[in-house]
Every structure is written in C-alpha cells, then in structure tokens.
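Fold and contact review
Letter by letter, the chains look like this.
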Amino acid sequence: MSIQLVIFDLDGTLVDSAREVTQVINEMRRVRDLKPLNQDSLLQEMGHGADRILSLALPQSIEPVTCLIAEFRDRYKLISTPKSSLYPNVEATLKFLKKIGFKLAVCTNKPSALCDKVLLETEIAEYFDVVISGRPDHIAKPNAEPVLRVLQQLGLEPASALLVGDTTIDQKAAKAANVPFIFFSSGYDDGVARGDIYCDINDMSQLLAMRPFSFKTISCI
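Okay, so let's go over this structure.

What about empty space enclosed by the protein?
Here the structure, examined in full by the defined rule, presents 1 cavity of 30 Å³ or more. For the largest cavity, the calculated volume is near 40 Å³. Lining the largest cavity are Thr-108, Asn-109, Ile-132, Ser-133, Gly-134, Arg-135, His-138, Ile-139, Ala-140, Pro-146 and Arg-149. Broken down by secondary-structure element, the contributors of at least two residues to the lining of the largest cavity are strand E2 (103-111), strand E3 (130-134) and helix H6 (145-154). The biggest single contributor to the lining of the largest cavity is E3, with 3 residues. For the lining of the largest cavity, the per-class residue count stands at 4 nonpolar, 5 polar and 2 charged.

Details of the packing of aromatic side chains
Enumeration over the complete set of coordinates arrives at 4 aromatic pairs. Consider the rings of Phe-72 and Tyr-76, whose centres lie 5.8 Å apart with planes at 85°: the pair is edge-to-face. Of this pair, Phe-72 and Tyr-76 are both found in helix H3 (residues 65-77), 4 residues apart, which corresponds to roughly one turn of the helix. Accessibility classification places Phe-72 together with Tyr-76 in one group, the buried group.

Concerning the environment of Asp-16
For Asp-16, the location among the structural elements is in the loop between strand E1 (5-8) and helix H1 (18-30). Along the backbone, Asp-16 and Gly-187 are 171 residues apart, and their C-alpha atoms lie at a distance of 7.4 Å. For Asp-16, the contacting residues outside a window of four places in its chain are Ser-85, Tyr-87 and Tyr-188. Of the polar contacts made by the side chain of Asp-16, one reaches the side chain of Tyr-188; its length is 2.7 Å.

A few points about the sheet that holds E2
Backbone hydrogen bonds hold the strands of a sheet together, and the pairing may be parallel or antiparallel. Spatially, the 6 strands line up as an open sheet ordered E3-E2-E1-E4-E5-E6, and their pairing is parallel. What marks the edges here is a single partner per strand, and that holds for E3 and strand E6 (199-201). Taking each pair of neighbouring strands and ignoring which way they run, the sheet shows an average axis angle of 20°. With 3 bridges joining them, strand E5 (residues 181-184) and E6 adopt parallel strand pairing. Opposite Ile-182, over in E6, you have Cys-199 as the bridge partner. Its contacts with the sheet put H6 on E1, E2, E3 and strand E4 (161-165), and the angle it makes with E3 is roughly 155°.

Rules used in this analysis
Residues numbered from 1 in each chain as written. Predicted model: local features only at pLDDT ≥ 70, side-chain atom pairs only at ≥ 80, totals over all residues. Heavy atoms only, no water. 1 Å grid on protein atoms, 1.4 Å probe; cavity = no way out; pocket = protein on both sides within 12 Å on 5 of 7 lines; lining within 4 Å. Points joined across faces, edges and corners; volume = space filled by probe spheres on them. Helix = DSSP H or I, 4+ residues; strand = E, 2+ residues; numbered from the N terminus. Nonpolar A, V, L, I, M, F, W, Y, C, P; charged D, E, K, R; others polar. Phe/Tyr/Trp six-rings, centres within 6.5 Å; stacked < 30°, edge-to-face > 60°. Buried < 20%, exposed > 50% of the residue type's maximum accessible area, 1.4 Å probe, protein only. Contact = heavy atoms within 4.5 Å. Polar contact = N/O pair within 3.5 Å; in protein donor to acceptor, adjacent residues only side chain to side chain. Pairing = 2+ DSSP bridges. Axes fitted to C-alpha atoms, helices over the stretch in contact; angles between N-to-C directions.

Structural data, given as structure tokens:
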C-alpha cells in the first residue's frame with residue numbers, strides 16, 4: 001500500500017519548545033524562591049508531559065500536582081512561541097509534502113489550547129489536515145488510540161502512514177498502531193530503541209529524500 005499520510009509529533013519534532021518550557025518552569029521556581037534550572041537538565045523529560053517535568057523541577061513541592069499543572073499551563077499561555085522555534089527545514093518540508101499530495105497530521109499529547117496556539121504562532125497550522133492533541137477525554141500516547149484517531153478521520157489504514165517523532169512515547173504509540181516509526185534524532189531523545197525504528201533522520205528535509213511509493217520501497221539516506 002502506498003504511503004499517503006505523514007503524522008508528526010509536535011514538541012521535539014516540529015518545534016523546539018525547550019526555551020519556552022524552561023522559562024515557565026523557572027518562573028514557577030522564582031516565585032517559590034528557588035534558583036533557576038538549566039534548560040539541558042529538563043530536555044529528556046520534555047516529551048513526557050507537564051507532570052513529569054514539574055516533578056523534576058519542583059520535587060519538594062507539597063502543592064497538589066493538578067494545581068501545579070494548571071499554573072504551568074496558565075503561564076505557558078502567556079508566552080509566545082516564535083517561528084524561529086521551528087527546527088531547521090520544517091516549514092519547507094511540510095510545504096513540499098503538501099504540494100505533492102500527502103496528507104499531514106499532528107499527533108501530540110500537548111493540551112489542545114496550547115497545541116493550537118503553538119501551531120498558529122509558528123505559522124504551520126495551515127499545512128495539517130488533522131490535529132490530534134491532548135484532551136481530558138482522550139487517551140494519550142504511548143497508547144495507539146491518538147494515532148488510530150488520525151487514521152480514522154482520514155479514512156486510511158496504518159500501512160499507508162508514517163509517524164515521525166523524537167521520544168519513546170512516539171515510538172511506542174507508532175508500534176502499538178502498527179505504523180512505521182521515523183526517529184527524529186535532533187529532538188528530545190529519551191532512550192529511543194535504535195533497533196526498533198524504521199528510519200533515523202536528524203533534519204526534517206531528509207524526509208524528502210525518501211521514496212514513499214509503498215511500505216517496502218521507502219528508503220532513507
């Protein structure tokens with residue numbers, strides 16, 4: 001079956017949001033009289049949601065995690081994500097894939113309001129046919145359900161899609177949905193199993209070197 005759809009994770013794949021997340025975390029630490037953290041100390045937790053990041057950044061807090069997450073998201077809403085946060089060649093790649101007829105989708109655990117905000121601020125929202133983001137009533141990655149929801153909305157089978165992501169969360173979701181996983185190694189790699197990926201790229205433009213005529217004839221540089 002020919003490839004018709006490319007599904008992208010958001011943070012760490014299309015957008016490098018580490019600066020914005022670190023800014024929010026350090027604002028939360030500042031009002032609690034804590035010293036700022038270095039961005040690098042948070043990178044491996046970036047793909048695992050606000051709860052994991054907050055447990056690392058505020059380990060001694062006795063505040064309910066739900067309150068901390070709400071504060072984190074409220075602060076995040078006040079920060080703009082500049083277009084320069086896109087990884088190199090992201091927009092050009094999306095534009096070209098769209099031009100030659102591919103369906104494109106985002107599949108992220110980022111809450112819907114923040115996801116939509118980031119896509120609009122980085123000016124790439126227009127390229128996506130489907131956006132599946134985090135909602136209280138939706139099961140999150142690494143479960144297969146968000147990936148399968150993308151396929152269902154577009155009326156496609158797993159064999160007609162590829163999933164591009166940067167963490168084990170994406171890798172497990174792709175595997176559970178039986179969708180080939182392309183590892184974006186320039187993101188927030190948290191220990192992706194290199195022996196269980198279809199392809200490894202470090203620049204989004206490398207997708208354009210692939211020949212997506214069928215599952216068996218896809219090749220990577």
